[in-house]
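Below, each chain spelled out in residue letters.
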Amino acid sequence: MIASADISRARGPRWNIASWLYISPLVLVLIPFFVMPILVVLVASFMEHDGFGGMIAHFTLENYASIFTASLTWKLYLSTIKFAVLTWGLTLVIGFWIAYFLVFHVRNQLLAIGLFLLCTVPFWTSNIIRMISWIPLLGKNGLVNAGLISTGLIDQPLEFLLFSDFAVVVAYTHQLTIFMIVPIFNAMSRIDKRTLEAARDAGASRFEIMRHIVVPLSRNGVALGSIFVLSIVMGDFFVVKVMSGGGSASVVSALFEDIGVLQYPPAAAAAVVLLLVVVVMIALILRTVDVRKEIAR
Amino acid sequence: MRATPVPIVRFPRTARRVAVYRDENKRPWTFWVLAALFTAYVLALYGPMLCIYVLSFQDVRGGLVFPMKGLSLHWFVDLFTQVRTGDVKGGFERSILLAIGVTVLTVVGSFMAGLAFRNRFKGDGIVFYLMIGSLVAPGLVLGIGVGLLFQYLGLQASWYTSALGAHLSWTLPFGVLVMFAVMSRFDRAWEEAARDLGATRWQIIRMVVVPILAPGIVAVALFGFTLSYDEFSRTLQTSGPLNTLPLEIWSMTLNVTSPSLYALGTVTTLASFLIIGVCLGAIALMQKRRSNQLGRQ
């Protein structure tokens, strides 16, 4: 078997009917529900609109021109990217150390799996509900303010806790850290513990083990987690809308406003630009790692 | 791995200390720091949610923040009887049905795609990058695309056609990635052994691959169910005239400022926990059966 696999590798990939049969359900979903919708959006972005929800099939670059000339666009992207970077940094740091703790510090494997599940359970409940659940804590009369006042640290309730950029980042981190923990946990639990022991026996300090073994071998997990976190934050409008109390906007929330007034072609153009930005970001991450290595060892 | 080998003679003292620490089984200081981080994370994860569950059991005087006013099931009754809170019951049913459909299709599709992606074949790169694109495309953008496509084709958007497809375009790539992680632990020697013993392709899948990967397949099912049950931005433009539960919750967050919002949170979380419980029970049962079989040999 090994010999035949080597031969097929030497010849390079071939057309393989069985493989295409296996992949056909995926393709049958991707073509009508990803490729075609994106093409429709692309076409719509070059159309004129009559201002009443109608689209006129007449080629124009007006929609793109107005996006790139509006200073609002740059502000929106700046604000969205600010949230994305803050959330990414926080989820990466928290997620990495939690995964590290579970894999390398908790010695009882059953306990490690139990604690891991404890982290993942909230992921299986509604995101919207989890976001709303910050209201009784962070609100003006919420628990955090009440606690701080009763300890005498402050005498006025802190206003910035809820309906602010702070609240947006808190909600994102709350929701998305799990997207970092799971792939990093997966990558780390595949590190052979004997490698670490060998390094320790060879006299490596714990910092050196971290730098030369754990970090390089968790890289795929970090990349996968980053893809999830960045693409979700870039595509979100719900958290920004609710948690900022309308004070901040994101690229998608502006797009949503356009849809609300049935301005399809400008919204489509904004969507195309956003999609390109996200794809470039993800492509840069994919350049650093081979996600498919996760399967083809 | 580019780990620079550290000669043991350079750190004889460290090496000795490590040996001692292993004998005594003493925890390094980082254990306590990370344990504290983990505890803080779990508290931050569950704390806010517990707050809203508690607050949903207030009586009619209840508000959105602490202190608790009375104790009753008033807001649960309110949730299912009041017209102003929308069609919660219908949304709940539709969301469950949709999630079940998405789960079945996701499990089948991602299992098959996972099998296919183990080999290189011509065109695999295109499918893989389309899949990543579908995964990272902002949900609202994709929803708009699907909505416009259905409009253009003259089809009526509904939760069981367009929303189903829109959900699959996100759950299926996600499921395939989880499948990658699951299958990376699968030793192909087992499959080859079965083939050498004369098993057909279908027998190999049914009697070797599926039983071994079963826990991972249940995990994919759990992901599929939750991602669909909770999906908001992809549903917004694709659900047609009838709302799913996340859309009901969304409109409630904009209109309702009473604890019935929290009651809804409690109800949906209970539903999620029920499903997680069933899935984990299934995994535990499978593991037990497998270890029994191993024990018998």
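Cut-offs and rules
- Residues numbered from 1 in each chain as written.
- Chains lettered and ligands numbered in written order.
- Predicted model: local features only at pLDDT ≥ 70, side-chain atom pairs only at ≥ 80, totals over all residues.
- Helix = DSSP H or I, 4+ residues; strand = E, 2+ residues; numbered from the N terminus.
- Rg over C-alpha atoms; globule rule 2.2 N^0.38 Å.
- Buried ≥ 20, exposed ≤ 12 C-beta atoms within 10 Å, placed from the backbone.
- Contact = placed C-beta atoms within 7 Å.
- Nonpolar A, V, L, I, M, F, W, Y, C, P; charged D, E, K, R; others polar.
- Axes fitted to C-alpha atoms, helices over the stretch in contact; angles between N-to-C directions.
- Parallel < 35°, antiparallel > 145°, perpendicular 65-115°, else oblique.
- Left-handed = near helix turned anticlockwise from the far one by under 90°.
- Core = buried A, V, L, I, M, F, W, Y, C linked by C-beta atoms within 7 Å.

**Quick word on the overall build of chain A**
- The secondary structure content of chain A amounts to 14 helices and 2 strands.
- The C-alpha atoms of chain A give a radius of gyration of 24 Å, which is well past the 19 Å a tight globule of 297 residues would have.
- For the C-alpha atoms alone, the extent of chain A along its principal axes is close to 70 × 70 × 30 Å.
- Burial analysis of chain A (297 residues in total) assigns 44% to the buried set.
- If you take every contact in chain A between residues at least 6 apart in sequence, the share linking residues at least 24 apart comes to 69%.

**Description of the interface of chain B and chain A**
- Taken together, the contacts link 88 residues of chain B with 87 residues of chain A.
- Looking at the side of chain B that touches chain A element by element, the count peaks at 15 residues for helix α2 (residues 29–55) of chain B.
- Partitioned by chemical class, the residues of the side of chain B that touches chain A number 63 nonpolar, 18 polar and 7 charged.

**Quick word on the packing of helix α13 (residues 251–260) of chain A against helix α14 (residues 264–288) of chain A**
All names here are of chain A.
- Look at α13 against α14: their axes get within 9 Å of each other, and the N-to-C directions meet at 160°. Accordingly, the angle class assigned to the pair α13 and α14 is roughly antiparallel. Of the two possible hands of crossing, α13 and α14 adopt the one that is left-handed. Counted together, V251, V252, L255, D258 and I259 of α13 and P266, A267, A270, A271 and L274 of α14 form the full contact between these two elements.
- Here the contact of α13 with α14 is composed, by residue class, of 9 nonpolar, no polar and 1 charged.

**Overview of the packing of helix α4 (residues 88–116) of chain B against helix α10 (residues 245–255) of chain B**
All names here are of chain B.
- For the pair α4 and α10, interaxial distance at closest approach is 7 Å and the crossing angle is 145°. Contacts between α4 and α10 involve V88, G91, F92 and S95 on the former and, on the latter, L245, L247 and E248.
- Tallied by class, residues from the contact of α4 with α10 come to 4 nonpolar, 2 polar and 1 charged.

**Observations regarding the environment of L39 of chain A**
- Among the secondary structure elements, L39 of chain A is positioned in helix α2 (residues 17–44).
- Note on L39 of chain A: 12 C-beta atoms within 10 Å, which makes it exposed.

**Details of the nonpolar core**
- One finds V41 and A271 of chain A to be the most contacted residues of the largest nonpolar core, which totals 157 residues.
- Apart from the residues lying within four places of it in its own chain, the contact partners of A271 of chain A are V41 and L255 of chain A together with V141 and I144 of chain B.

Worth remembering: the numbers are spatial, not functional.
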